[in-house]
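Tertiary structure, described
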Amino acid sequence: MNKRLQDLPNLLTKTPKKVKDYILPYFRGVSEKQKFGIGFVFLCLTTTFLISNPFWRPAAEQYKEGDIARESIISPADIFVADAEETERKRRTVSESVRPIFTFDANRAAEAVQSFRSAWEILQRKNENSSNKTNTNSKADALAQQQQWTGAGGAEVGKIFAARSFSTNELDAITRVLRENAEGSIYGDQDRQYFQTEIALIDRLKPNQQSVVKMPESSMTALSAARDKLKDGLGQIRSLSEREVEAFNAALAPLVQPSVTYDSVATEKARESVTKEILPVTIALKRTQRIVSEGDIITPEVLTRISAIQSYSSSTRQINRFFGLLAIVSALFWIAWKFVQHSGNVSRLILPEKKTFALFGFVVLIQTALMAIFFRLAEFTAVQNVKAPLNDPTLWAYAIPFAFGSLLITLLADRRTASFTGFFLALIAGLIAPKNLEFALYAVIASAVAVFGIGHYRSRQSVTTAGILVGAASAATAVALLGYTQQPFILNTVLLAIACGLGSGFVTAAVTAMFLPLCESFFGILTDVKLLELSNADLPALGQVAMRAPGTNQHSHAVGQLAEDACRAVGANALLTRIGALYHDIGKTAAPEHFVENQLGKNPHDRLKPTQSAKIIISHVTYGIKLAKEMGLPQRIIDFIPQHHGTRTLHYFLKKAQAEAHNPEDISENDFRYPGPKPQFKEAAIMMIADSCEAAARSLSEPTPENIRFIVTKIIDAILSDDQLDECDLTLRELRQIREAMIKSLVAIYHSRVDYPGYIPPPSSSQKLTVPVELDSEERSFRYKNPADIPISPGGEIEDEASTIRFKSTKPKQPVKQFTNQSDF
């Protein structure tokens with residue numbers, strides 16, 4: 001015998017390690033309750049952080065004086081805060097009201113005249129000394145001494161002054177011009193910036209007395225103007241040449257100095273003194289006090305109060321808000337967990353309660369993160385625009401995909417869970433949104449359309465269709481909310497609201513299409529689209545079955561059709577059952593000729609021991625599981641492979657082994673029993689019944705409604721008697737509905753043919769058997785005229801392998817059996 005066939009019963013379902021195989025060892029010491037508790041706490045904390053992070057200061061609504069309030073503002077609590085900005089403003093105002101202090105020096109003119117006379121007298125004494133020199137060298141020295149002018153102007157001025165003798169009248173006139181232009185209130189040009197309408201003037205000689213000078217620029221003279229007047233006065237002395245006027249101006253202009261100077265130290269002291277007398281301004285607001293109503297004009301007082309509320313919200317009370325929000329979110333998730341616990345099994349979801357809650361929590365986290373991000377994007381977009389309605393963040397927020405979570409749950413689970421998810425996320429949206437009620441209503445309506453607006457999810461285009469419906473409903477809701485909030489129906493505002501609503505639908509479809517395959521794979525959920533993809537005949541697995549085991553392929557399709565009709569009768573997942581039927585016997589591809597539907601000649605089991613035959617037949621289950629896991633089939637599809645046989649025994653080979661053994665008690669029944677488990681869900685149980693009924697109906701030579709009803713009833717009774725349906729949730733009423741549906745389907749499949757002209761009926765039953773021949777594709781098993789003769793095991797399984805010879809006969813074929821009666825079998 002082929003060694004591969006001998007080793008086939010020992011094939012194990014070894015599969016590559018998955019990610020969970022590396023993660024689970026870290027949680028071996030953690031109980032299931034602890035794992036759930038850790039996940040629940042993580043879910044609550046993360047959601048709360050996404051809604052309100054206490055360590056991040058949210059962007060507050062920015063207003064300036066004269067703006068229109070976009071919403072009503074209410075004080076959240078009794079607020080008593082110091083208004084630092086207002087206090088600083090008052091202190092700045094008082095400080096600016098203090099007059100700048102200047103000092104006045106009345107001796108500036110006298111000091112200037114004295115300085116000039118002193119320098120001139122020194123020059124004159126040097127001239128008198130130089131007139132007593134008689135030799136040439138002494139005269140040169142004397143000339144050098146005459147040029148040593150000690151005043152301003154330098155040596156060039158000294159040369160001019162030494163060139164001739166100036167009369168007393170000329171010197172008196174020069175001194176008079178200097179005195180006239182150096183006396184009075186002269187201020188430096190650099191101090192002009194400190195002038196105000198009034199200044200305080202303090203005389204240096206009388207520091208305790210202070211006078212107030214109004215309009216100082218008009219009553220005082222700038223230093224530059226005083227020096228210009230000095231030059232003009234010198235030019236009016238006719239005896240002075242132009243060169244001498246320039247020389248005297250260069251010597252006297254530096255002597256004209258400001259008599260009024262700014263005293264910065266005294267001014268700052270005076271301002272500090274008055275600002276210290278200003279007490280901090282305190283803002284007192286009462287709880288629920290209305291600061292401003294929507295549509296009111298923002299005044300300076302309102303701005304101050306808004307600032308006080310923002311300061312309060314960003315203080316240590318933010319921590320209080322976080323923990324309060326954490327308690328609310330935890331309560332909401334507890335309600336969600338109880339809803340999942342008491343909602344019953346979801347046929348399409350096929351997940352345990354904790355996995356269902358994990359899927360719900362994952363969707364809530366993603367949706368909350370999207371809402372938090374999109375709300376901030378809406379605020380950012382509004383800030384970048386200054387013209388209405390583009391500066392309204394509420395309108396931009398209508399583009400947020402509020403229906404994403406409910407649409408995703410609708411496609412992955414059922415409408416009931418999706419509806420609850422929509423209401424849950426609407427509450428979360430109300431906690432995040434600036435206008436709580438409006439966006440909660442908007443989210444509820446969009447979610448409801450996503451849940452009830454689409455039919456069965458049978459193609460990827462369903463997501464696009466749902467997005468279009470959500471977009472249209474969101475646009476209509478956005479316009480309705482404009483009317484509800486009493487906003488004027490301006491064309492630009494309405495168009496922006498509609499555009500953002502439509503955008504919400506498209507974003508919902510895009511995000512859903514992105515996360516849908518991820519959730520399908522991560523949570524092991526079989527959607528209708530995923531199942532339809534698995535039904536593609538071009539897939540390698542189904543192609544191998546069709547090529548290597550054509551009889552098994554035909555049997556799988558027939559069982560799938562039969563089970564699908566039965567599922568519809570009891571409300572089970574018909575599509576899941578049909579796809580499971582395509583893969584339930586893929587293990588037969590390892591040794592297809594050992595299964596009757598693929599045999600074209602002699603039965604290979606005639607040359608094998610009963611134990612070997614049993615191992616080969618049973619191994620198609622273990623090999624099928626191994627092959628399915630290597631192919632990456634979903635676990636729910638893999639479950640059909642062992643469960644459609646349950647824990648039934650290969651009764652024929654067991655009896656044959658016991659008959660051949662010296663001591664029948666030495667034969668272990670477990671060697672002839674399928675590994676199981678028994679069917680765990682309705683679809684697997686229906687598959688078990690359909691598998692046997694299809695094989696039995698195929699074995700009837702006369703598939704009349706009475707014969708079909710007989711074998712279907714007998715098979716179902718045998719399966720029930722063998723306790724194969726104890727672990728699934730089928731009821732007796734559903735079993736009756738399944739029986740009637742299968743009888744109806746089998747009668748339709750094996751209906752009688754109409755006689756046509758020229759048709760030659762088969763020879764009578766009196767004709768003898770001919771020589772053995774190979775069967776064609778339509779005749780791969782025996783046909784039994786009497787349905788009671790069909791070899792049905794006590795577990796309700798058809799064992800066609802019990803036949804030992806294949807004949808083609810001109811009369812209805814009768815099997816050659818070792819056991820002539822069903823009772824003997």
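Procedures and definitions
- Residues numbered from 1 in each chain as written.
- Predicted model: local features only at pLDDT ≥ 70, side-chain atom pairs only at ≥ 80, totals over all residues.
- Heavy atoms only, no water.
- Helix = DSSP H or I, 4+ residues; strand = E, 2+ residues; numbered from the N terminus.
- Buried < 20%, exposed > 50% of the residue type's maximum accessible area, 1.4 Å probe, protein only.
- Contact = heavy atoms within 4.5 Å.
- Areas by Shrake-Rupley, 256 points an atom, 1.4 Å probe, with all protein chains shown as cover.
- Axes fitted to C-alpha atoms, helices over the stretch in contact; angles between N-to-C directions.
- Left-handed = near helix turned anticlockwise from the far one by under 90°.
- Nonpolar A, V, L, I, M, F, W, Y, C, P; charged D, E, K, R; others polar.
- pLDDT = per-residue confidence, 0-100.
- Polar contact = N/O pair within 3.5 Å; in protein donor to acceptor, adjacent residues only side chain to side chain.

When helices and strands are tallied, the chain shows 31 helices and ten strands. Looking at the chain residue by residue over its 825 residues, the buried ones come to 45%. Counted over contacts in the chain with a minimum sequence separation of 6, partners at least 24 positions apart contribute 80%. Working note: accessible area of the chain is about 42,300 Å², and carbon and sulfur atoms make up 55% of it.

Glancing now at the packing of helix α29 (residues 682–698) against helix α31 (residues 732–749). The angle between the axes and the distance between the axes are what describe a pair of packed helices. Two numbers describe how α29 lies on α31: the axes approach to 11 Å, and their chain directions differ by 35 degrees. Where α29 crosses over α31, the two elements pack in a sense that is right-handed. Touching K682, I686, I689, A690, C693 and A697 of α29 are E734, L735, I738, M742 and L746, all from α31. A breakdown of the residues in the contact of α29 with α31 according to their chemical character gives nine nonpolar, no polar and two charged.

Turning our eyes to something else, we now look at unusual backbone geometry. The omega torsion across G676 and P677 is 10 degrees, close enough to zero to call that bond cis. Following the sequence through the fold, P677 ends up in the loop between α28 (651–660) and α29. Even without a glycine there, the phi angle at Q486 is positive, about 65 degrees.

What follows covers the confidence of the model for the chain. Mean pLDDT over the chain stands at 82; residues scoring 70 or higher make up 84%. Segment residues 1–20 is flagged for pLDDT under 50; beyond a separation of four residues in sequence, or across chains, it makes 30 contacts in the model. Contacts from residues 804–825, a stretch scored under 50 in pLDDT, to residues over four places away or in other chains number 65 contacts.

The next point concerns the side chain of H620. Locating H620 in the fold gives a position in helix α26 (residues 610–631). Residue H620 is classed as buried on the basis of its relative accessible area, which comes to 1%. Among the polar contacts made by the side chain of H620, one reaches the side chain of D585 at a distance of 3.4 Å. Of note is the side chain of H620, whose polar atom sits 2.4 Å from the backbone oxygen of I617.

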